Amino acid sequence: MEQQESEVPPLPPRFRFRDLLLGDQSFQNDDRVQVEFYVNENTFKERLKLFFIKNQRSSLRIRVFNFSLKLLTCLLYIIRVATDNPAQGASASHSLIFWVDRKVPVWAIQVIVAIISFLETMLLMYLSYKGNIWEQIFQVSFLLEMINTVPFIITIFWPSIRNIFIPVFLNCWLAKCALENMINDVHRAIQRTNSAMFNQVLILICTLLCLVFTGTCGIQHLERAGKNLSLFNSFYFCIVTFSTVGFGDVTPRIWPSQLLVVIMICVALVVLPLQFEELMYLWMERQKSGGNYSRHRAQTEKHVVLCVSALKIDLLMDFLNEFYAHPRLQDYYVVILCPSEMDLQVRRVLQIPLWSQRVIYLQGSVLKDQDLLRAKMDDAEACFILSSRNEVDRMAADHQTILRAWAVKDFAPNCPLYVQILKPENKFHVKFADHVVCEEEFKYAMLALNCVCPATSTLVTLLVHTSRGREGQQSPEQWQRMYGCCSGNEVYHIRLCDSKFFGEYNGKSFTYASFHAHKKYGVCLIGIKREDNKSILLNPGPRHIMAATDTCYYINITKEENSAFIFNQEERKGRPAGRIYDGPSQLPVHSIIASMGTVAMDLQNTSPPDLSGGKLVPPTINGTGGRRPSIAPVQEIADSASILPCDLLSDQSEDDSVFIDEKGHSPTEYVKGYPPNSPYIGSSPTLCHLLAEKAPFCCLRLDQGCRHNSFEDAKAYGFKNKLIIVSAETAGNGLYNFIVPLRAYYRPRKELNPIVLLLDNPLDSLLQCGIIYADNLVVVDKESTMSAEEDYMADAKTIVNVQTMFRLFPSLSIITELTHPSNMRFMQFRAKDCYSLALSKLEKKERDKGSNLAFMFRLPFAAGRVFSISMLDTLLYQSFVKDYMILIARLLLGLDTTPGSGYLCAMKITEEDLWISTYGRLFQKLCSSSAEIPIGIYRTESHIFSTSESQVSVSVDDCDDTKDKGDESRSNDQSDHPLLRKKSMQWARRLSKKSVRWQGASRDSSKDHAQRIAQQRLNLYRRSEREELSELVRNRMRHLGLPTSGYDEQNDHQNTLSYVLINPSPDTRLELNDIVYLIRSDPLAHVPEEPPIHSSSLKERRESSIDIREDTQL
């Protein structure tokens, strides 16, 4: 029984699935009921309501018609007044107030209009009825309609009262209401919501007109029984009265008109202030929100939109200064779209006439189409979307940026997008943007290259900033003038066939064109782009032959289009063309002209006669007749056998043997390959030095031993090369871009530095990770400290920690990242350093002059020891004019690797290389021997600062003399060093004198003990601050069981200054320890089929470089 109940009976044939598909009519017509929806809208009342009220367009037509009727009634009243001829009676006769002379045609038209208005009013009242009839009856608009329409309808049936006075002029108030409703319907129909300001202005104007019109018509009509004023005189009286002028030449005579004037003034005093208050409130709100960017301006003028989460004054000024630094952008408008209210500093800046005419601030969200419509995003030339780097949660800031980019792309798909992203793992979400700058990618790549190419961050920052090279030209110091002049160099582009710089090198090799263009014009050719290839190649090498369609990328003070070319200058001056200088000490004209920077000249026959067969001959060695090998000329078309690595560099052609250090530690096997795992989507694959076998995870902890090794500090590992320590908050994906440039395949295997990641930096951890054996310490800005109650305090913790390490380890090169560039002045801070104070004054002067690089003369920035990633915001701004800048920066930093494109490296000038003498000869040497292109110099000079902690040291012998005269002289010396402890030293001397007197006074047993204590105290206070810090570090190292032999406190960099010279002139003298920035060609671009024969040593290669040249693979 239970089984039968559980079974489902089969469906009848008509319910089979086949019948359902075939549409069985018997099934369709069975038990089906048709249901109609929204039947309530089919009634007559609902249809009328839909036509008169709900439908936007039809209701708008009804309101326009109603407005026209009201204006027509007002016009008919004016016609009736103009045709009226009141009887001249006594002033006491008030019958003229109640009866008028109305012509029949005017009466007929008014009756028709009244009937239409009455019917329309009653219909709208019926449609808008909501249960309370009295509320609708006592509305002011309904009462006015009844007053102006019902009397005319009554005159149809009662002709004797046809000339009764009816205040038709009150219809102006109904016309005002109709106009307001009509404007609201128009805005609703066109989806315009930001019309409150327009509506309020319209209401105010209409109120004023209605008051004046009502007063004019009322006074004119009442004065029919008095002075019989004309309509114009009444209008004149109302204007004079409402403007509070009151001439008194026209005045009402009878009490009814006087009473009307009193009523109108009271109404005006009540209504108008309320209207003005509402208008001012809306005006203030509009000032906060920024209003709109007009459609007419958007169609006739060009504008860009800047989208930010919070607009700070530094970000705004960086954008405006960089954007408007380009001449062709002077006519552009900048529309700022920000969700937050404009702060006081930004408001003051935007009120400056320079910016008030070109910058428009709109408060709104990018995610709202209405706000994007206000900014006219669909007509914008570009949209810049910047991330909020001061957010504690940088991932959340990226998410907001991604949504903004999506919203702009959805609203205006044709608008070019320039997006700034913080985390590299979020970059693939905005890959559709035209240009993307990932902050952490550039930050870590620059920090890494700073370790192998000093001051790379300063080099790149100066290249991406717009400057004329006029900074520091009024300074009395030579290094500031040179540094400021060279800082004006930027990257430009031009087609070869259109260029005078490079047009003559069509069909020549790239290195030939680069050398001769620099020699002749002072410009540095760094890369090219083929017409049929979208990739930019930095230094493609001598095998690349220049074509007329190539696009050349070069470094110069200004672009070629802004340069003047003067031919045959020496002939105009009447000088012989053979020689242009009389003595050997004078420089060639082309070298002098190249140093000017802004004017490029094509001089013919400016070089002296070649006395050495086309080679630059070095000076004589030790006065003997022997000479070093001369510099070979750069070949127009180089063959494979003529290209060697530069003689000034070590041989990089290494064998693949296993590298074993000198102390016999376990061998480290390296292979070249691509990283097997990519930390995020969108990372560029780079050929690197990799371990042959993957290291176990337990071996990555340097301070803890494991079953594979028992090392617990850096000294135990026995690293041969100096360490690179990275102090970061977390091991994020951005560190991938720090490691890859340091492990790139083109770096010599013997020069690979061990990388130590330090997630916390107390003194004990610094000592355990081997900071005394490190060459560079990289301090990455902590994400948790980027947000602070006071904006500029976000760097406080980083600055103080770096200053502590700077005091403890003065020989260490510390590279620091800061959030705010203005905080650079606190790096390596010296409280009473007169030189730092002078640099601070220079910075203020350059800022007052309008320089975009006022901070460039700060010693830590010039030396490349500090930088702020916000300084690279200009890279995104410049890409609007130079769409290649981001790609060139990525190639220089090693973020992208294009086959055939070179890479950035550095070489150091030693004593053996000083015979080259000048930068121009070095350019020729590099181009002719190793096909490398130099782009700048990193120079370090010794400088004695007026007051420095490193100079504060007191020897024991300075306090041995106890004579009064000696005391005075030493006190005078101390006054020159305010950091010495004067009171402590004086107390120590008095204690020393007392000990001497005690020694001569008594010979008891306590004498020796007291003298010994006094001497210990004296020695304690004789120590300098440097000695105290050194003793502190040694004590901590002994406590940790670390050897103290490697700690050298005497070798520091506090008495030197360093700076970068970008593209210096050819006659710039080389100095010892100069570091030259090079763009080396890709060693894998032209790999021979057979492995080359490697030379055994650099010495052998130098000896055979003249006669025998062999192809060498780097």
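Residues numbered from 1 in each chain as written. Predicted model: local features only at pLDDT ≥ 70, side-chain atom pairs only at ≥ 80, totals over all residues. Heavy atoms only, no water.

### With respect to the packing of aromatic side chains
The final tally for this structure, using the stated rule, is 31 aromatic pairs. When the centroid spacing of 5.7 Å and the interplanar angle of 85° are considered together, the rings of Y483 and F857 count as edge-to-face. Residue Y483 is found in helix 22 (residues 478-486), and its partner F857 is found in the loop between helix 30 (834-848) and helix 31 (859-862); the two are separated by 374 residues along the sequence. No difference in accessibility class separates Y483 from F857, as the two residues are buried. Measuring from centroid to centroid gives 4.9 Å for Y553 and Y884, while their planes differ by 65°, and the two rings are edge-to-face. Taken as a pair, Y553 in strand 10 (residues 551-556) and Y884 in the loop between helix 32 (873-878) and helix 33 (885-893) lie far apart in primary sequence, 331 residues in all. (Phe/Tyr/Trp six-rings, centres within 6.5 Å; stacked < 30°, edge-to-face > 60°. Helix = DSSP H or I, 4+ residues; strand = E, 2+ residues; numbered from the N terminus. Buried < 20%, exposed > 50% of the residue type's maximum accessible area, 1.4 Å probe, protein only.)

### Some words on the sheet that holds strand 14 (residues 755-758)
Strands sit in the order 14-13-15-16-17 across an open sheet of 5 strands; the sheet is parallel. For this open sheet the edge positions go to strand 14 and strand 17 (866-868), each flanked by a neighbour on one side alone. Looking at each pair of strands side by side, their axes are set apart by 15° on average, direction ignored. By the bridge criterion, 5 bridges tie strand 13 (residues 723-727) to strand 15 (residues 774-779) in an arrangement that is parallel. Considered in strand 15, the bridge of V726 is made with V778. Packed on one face of the sheet, helix 29 (residues 796-808) meets strand 15 and strand 16 (813-818) and runs near 175° to strand 16. (Pairing = 2+ DSSP bridges. Axes fitted to C-alpha atoms, helices over the stretch in contact; angles between N-to-C directions. Contact = heavy atoms within 4.5 Å.)

### Re the packing of helix 20 (residues 439-452) against helix 21 (residues 456-464)
Helix-helix packing is characterised by the crossing angle of the two axes and by the distance between the axes. Interaxial distance between helix 20 and helix 21 falls to 7 Å at its minimum, and their mutual angle equals 125°. One element, helix 20, and the other, helix 21, form an angle in the oblique class. Contacts between helix 20 and helix 21 involve M446, L449 and N450 from the former and T456, S457 and V460 from the latter. Tallied by class, residues from the contact of helix 20 with helix 21 come to 3 nonpolar, 3 polar and no charged. (Parallel < 35°, antiparallel > 145°, perpendicular 65-115°, else oblique. Nonpolar A, V, L, I, M, F, W, Y, C, P; charged D, E, K, R; others polar.)

### Quick look at the pairing of strand 15
By the criterion of burial, strand 15 is predominantly enclosed, with 5 of the 6 residues buried. Pairing between strand 15 and strand 16: 4 bridges, direction parallel. What sits directly across from V779, in strand 16, is T816.

### Focus on a positive patch on the surface
Side chains of R825, K841, K844, K845 and K849 sit close together on the surface and give a patch of like positive charge. Tracing the backbone through its elements, the reader meets K844 in helix 30. (Patch = residues over 30% accessible without salt bridge, like charges linked within 9 Å, V, L, I, M, F, W, Y side chains within 5 Å. Areas by Shrake-Rupley, 256 points an atom, 1.4 Å probe, with all protein chains shown as cover. Salt bridge = Lys/Arg side-chain N within 4 Å of Asp/Glu carboxyl O. Lys, Arg positive; Asp, Glu negative; His and termini not counted. Charge placed at Lys NZ, Arg CZ, Asp CG, Glu CD.)

### Concerning unusual backbone geometry
With a phi close to 60°, A455 is a non-glycine residue in the positive phi region. Note on A455: relative accessible area 2%, which makes it buried.

### Things to note about helix 7 (residues 104-127)
When the terminal C-alpha atoms of helix 7 are compared, their 35 Å separation across 24 residues agrees well with the 34 Å that a helix rising 1.5 Å per residue should span. Buried within helix 7 we find V106, W107, Q110, V111, V113, A114, S117, E120, T121, M125 and L127. Structurally, helix 7 contributes buried residues whose contacts are with helix 4 (44-54), helix 5 (56-83), helix 8 (133-137) and helix 9 (140-157). (Expected span 1.5 Å × (residues − 1).)

### Let's talk about the sheet that holds strand 21 (residues 1075-1080)
Taken together, the 4 strands give an open sheet; going across it, the order is 18-21-19-20, and neighbouring strands pair in antiparallel fashion. Every interior strand has two partners, whereas the edge strands, strand 18 (903-908) and strand 20 (1056-1062), have only one. The mean inter-strand angle of the sheet, taken between neighbouring strand axes irrespective of direction, is 25°. In this structure, strand 18 lies alongside strand 21, joined through 6 bridges in antiparallel fashion. Bridging from a neighbouring strand, K908 pairs with I1075 of strand 21. Sheet strands touched by helix 22: strand 19 (933-942) and strand 20. Its angle to strand 20, the strand with the most contacts, is close to 35°.

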